[in-house]
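Residues per chain are reported as follows:
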There are 2 protein chains.
Amino acid sequence: MDERVFSAALDEIARVGYAGATMDRMAAAAGVAKTTLYRRWPSKAALVVASLSHAFGAVEIVGDDTAAKIESGVRWLAVQLQAPGVAPAFAGVFAEAIVDADTRALLEQSFQRPYVTPLSAAMNMSGPKFLLLADIVAGTLLHRMGVSGRSMTDADIRVLVSMLVGAFAA
Amino acid sequence: MDERVFSAALDEIARVGYAGATMDRMAAAAGVAKTTLYRRWPSKAALVVASLSHAFGAVEIVGDDTAAKIESGVRWLAVQLQAPGVAPAFAGVFAEAIVDADTRALLEQSFQRPYVTPLSAAMNMSGPKFLLLADIVAGTLLHRMGVSGRSMTDADIRVLVSMLVGAFAA
């Protein structure tokens, strides 16, 4: 069931955005009762965070040194954010997390934490240093999609990567 | 009237987030009829973008060289994003803009454009270069607030500024 629900949730958000998406329509599209949905995920934010974790899956970081790993991480995230519904779901959860401590805890613990330990180790960075890198990469890519509706150009990704390598791989 | 409506809109968003905010409650809090609100701003997004433009006002960029101007711009934006309702309003409009071309056009033309020409000139950058800088600064600051609920620490702002100066003021 989960797979079908996650896909219905992201499709609904791709169509009407996070704010306009309803648990009612997500349940109908997945062919499950709304009560079933709420038993498993107590809020829209909880369902969307679970859908994002599923969509992102394991991060693929490759490369021999930190510079190559940073580039690989930026490009991996840029690809993830192009999947239908993912960028608006991510941005919508953020907007809610800013004002709601429960959503923030969910995002930090269920979505972000599983990436932080392996990635900061792989990149040989302290947790706080890695979190700043993550804020810059995810924030920049999402902001571009929000304002222009387009993914970042390859030329801009190269500027971003070279800046990050200078600051974080030194 | 505008001033009262903008303030009611951002207060409502500070309380319940962008997705949960309604034109009904914004109108009631501002003491105006909902029809009056809709005549002036045809959608929640339109009202929120106007409220953000009003809250941000003129940008204060100071400094003798591009490095000082970048630092001043980052610190100015960090302060703006701490005003009640501003960060969740900003993030909420983004989430909607990703899936909705009208919201995107509004954000790009009414909010962003008035800053781009004077700022790119002040910083002696091409438009696209300035837009990348803006994506990095605004995206990073918002992402941090979304995940941690806190503004960026001064130490992290210094890392961000020094990275941007290296990449954009060279």
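Data block above holds the structure.
Now for a description of the structure that goes with this document.

1. Regarding the overall build of chain A
Part 1: Tallying secondary structure elements over chain A gives nine helices and zero strands in all.
Part 2: Secondary structure elements in chain A, listed N-terminal to C-terminal, are α-α-α-α-α-α-α-α-α.
Part 3: For a compact globule of 170 residues, the expected C-alpha radius of gyration is about 15 Å, and chain A comes in at 17 Å, within 12% of that figure.
Part 4: When the backbone C-alpha atoms are referred to their principal axes, chain A occupies close to 50 × 30 × 30 Å.
Part 5: Across the 170 residues that make up chain A, the buried fraction comes to 52%.
Part 6: Long-range pairs, those at least 24 residues apart, make up 62% of the contacts in chain A between residues at least 6 apart in sequence.
Part 7: Of the accessible surface of chain A, which amounts to about 7100 Å², a share of 54% is contributed by carbon and sulfur atoms.
Part 8: One way to put it: in chain A the 15 positive side-chain charges average out to a point 4 Å from where the 16 negative ones average out.

2. Some remarks on the side chain of Asp156(A)
Part 1: Within the fold, Asp156(A) resides in helix H9 (residues 154-168).
Part 2: A distance of 2.9 Å separates polar atoms of two side chains, one belonging to Asp156(A) and the other to Arg144(A).
Part 3: Those residues in contact with Asp156(A), other than ones at most four positions away along the chain, are Arg144(A) and Leu132(B).

3. As for the interface of chain B and chain A
Part 1: Taken together, the contacts link 43 residues of chain B with 43 residues of chain A.
Part 2: When chain B packs against chain A, the two sides together hide about 3400 Å² of surface, and 71% of this comes from carbon and sulfur.
Part 3: When the area that chain B buries against chain A is broken down by residue, the three leading residues are Ile98(B), His143(B) and Val147(B), summing to 20%.
Part 4: Connecting chain B to chain A are two salt bridges.
Part 5: Sorting the residues of the side of chain B that touches chain A by element identifies helix H1 (2-20), helix H6 (86-99), helix H7 (101-122), helix H8 (127-148) and helix H9 (154-168) of chain B as the ones contributing at least two each.
Part 6: If one sorts the elements of the side of chain B that touches chain A by residue count, H8(B) sits on top with 15 residues.
Part 7: Tallied by class, residues from the side of chain B that touches chain A come to 29 nonpolar, nine polar and five charged.

4. Looking at helix H4 (residues 44-56) of chain A
Residue and element names in this part refer to chain A.
Part 1: Taking 1.5 Å of rise per residue, the 13 residues of H4 would be expected to cover 18 Å, and the 18 Å separating its terminal C-alpha atoms lies within 8% of that figure.
Part 2: In terms of residue burial, H4 counts as a mostly covered element, since 10 of its 13 residues are buried.
Part 3: Taken as a whole, H4 has its buried residues at Lys44, Ala45, Ala46, Leu47, Val48, Val49, Ala50, Ser51, Leu52 and Phe56.
Part 4: Its buried side turned inward, H4 meets helix H1 (2-20), helix H2 (23-30), helix H3 (34-40), helix H5 (66-80), helix H6 (86-99) and helix H7 (101-122).

5. Side note on the relation of the copies chain B and chain A
The relation between the two chain copies is a rotation about an axis coupled with a shift along that axis.
Part 1: You can overlay chain B on chain A at an RMSD of 0.0 Å; the transform is a turn of 180 degrees with a shift of 0.0 Å along its axis. Such a combination of rotation and displacement between the chain copies is what one expects of a two-fold axis.
Part 2: With an isologous cut-off of 70% or more, the 100% of interface residues of chain B that recur at the interface of chain A puts this contact in the isologous class.

6. A look at the nonpolar core
Part 1: Counting residues in hydrophobic clusters, the biggest one holds 127 residues, and the most contacted among them are Phe56(A), Leu164(A), Phe56(B) and Leu164(B).
Part 2: Leaving out residues up to four positions away in the same chain, Phe56(B) has contacts with Trp76(B), Leu77(B), Gln80(B), Leu81(B), Val86(B), Phe90(B), Phe111(B) and Tyr115(B).

7. Some words on unusual backbone geometry
Part 1: Within the chain, Asn124(A) stands out as a residue other than glycine whose phi angle is a positive 60 degrees.
Part 2: If you trace the backbone, Asn124(A) turns up in the loop between H7 and helix H8 (127-148).

8. Here's the deal with the packing of aromatic side chains
Two aromatic rings are characterised by how far apart their centres lie and by the angle between their planes.
Part 1: Using the criterion set out here, one finds 16 aromatic pairs over all chains in the structure.
Part 2: Relative to Phe111(A), the ring of Phe90(A) lies with its centre 5.4 Å away and its plane at 65 degrees, an arrangement referred to as edge-to-face. A residue pair is termed long-range when its members are at least 10 positions apart, and Phe90(A) in helix H6 and Phe111(A) in helix H7 qualify at 21 residues. Here Phe90(A) and Phe111(A) have matching classes, each one buried.
Part 3: Ring centres of Phe111(B) and Tyr115(B) lie 5.7 Å apart, and the angle between their planes is 65 degrees; this geometry places the pair in the edge-to-face category. A residue pair is termed a helical-turn pair when its members lie 3 or 4 positions apart in one helix, as Phe111(B) and Tyr115(B) do in helix H7 at four residues.
Part 4: The buried category is assigned to Phe111(B), whose relative accessible area is 8%.
Part 5: Three or more aromatic residues link up through ring pairs in this structure, and these residues are Phe56(A), Trp76(A), Phe90(A), Phe94(A), Phe111(A) and Tyr115(A).
Part 6: Of note, Lys44(A) hangs over the ring of Tyr18(A), and the distance from its end group to the ring centre comes to 4.5 Å.

Procedures and definitions
Residues numbered from 1 in each chain as written. Chains lettered and ligands numbered in written order. Predicted model: local features only at pLDDT ≥ 70, side-chain atom pairs only at ≥ 80, totals over all residues. Heavy atoms only, no water. Helix = DSSP H or I, 4+ residues; strand = E, 2+ residues; numbered from the N terminus. Rg over C-alpha atoms; globule rule 2.2 N^0.38 Å. Buried < 20%, exposed > 50% of the residue type's maximum accessible area, 1.4 Å probe, protein only. Contact = heavy atoms within 4.5 Å. Areas by Shrake-Rupley, 256 points an atom, 1.4 Å probe, with all protein chains shown as cover. Lys, Arg positive; Asp, Glu negative; His and termini not counted. Charge placed at Lys NZ, Arg CZ, Asp CG, Glu CD. Polar contact = N/O pair within 3.5 Å; in protein donor to acceptor, adjacent residues only side chain to side chain. Buried area = accessible area lost by both parts, 1.4 Å probe. Salt bridge = Lys/Arg side-chain N within 4 Å of Asp/Glu carboxyl O. Nonpolar A, V, L, I, M, F, W, Y, C, P; charged D, E, K, R; others polar. Expected span 1.5 Å × (residues − 1). Least-squares fit on C-alpha atoms with pLDDT ≥ 70 in both. Core = buried A, V, L, I, M, F, W, Y, C linked by side-chain atoms within 4.5 Å. Phe/Tyr/Trp six-rings, centres within 6.5 Å; stacked < 30°, edge-to-face > 60°. Lys NZ or Arg CZ within 6 Å of the ring centre and 35° of its normal.

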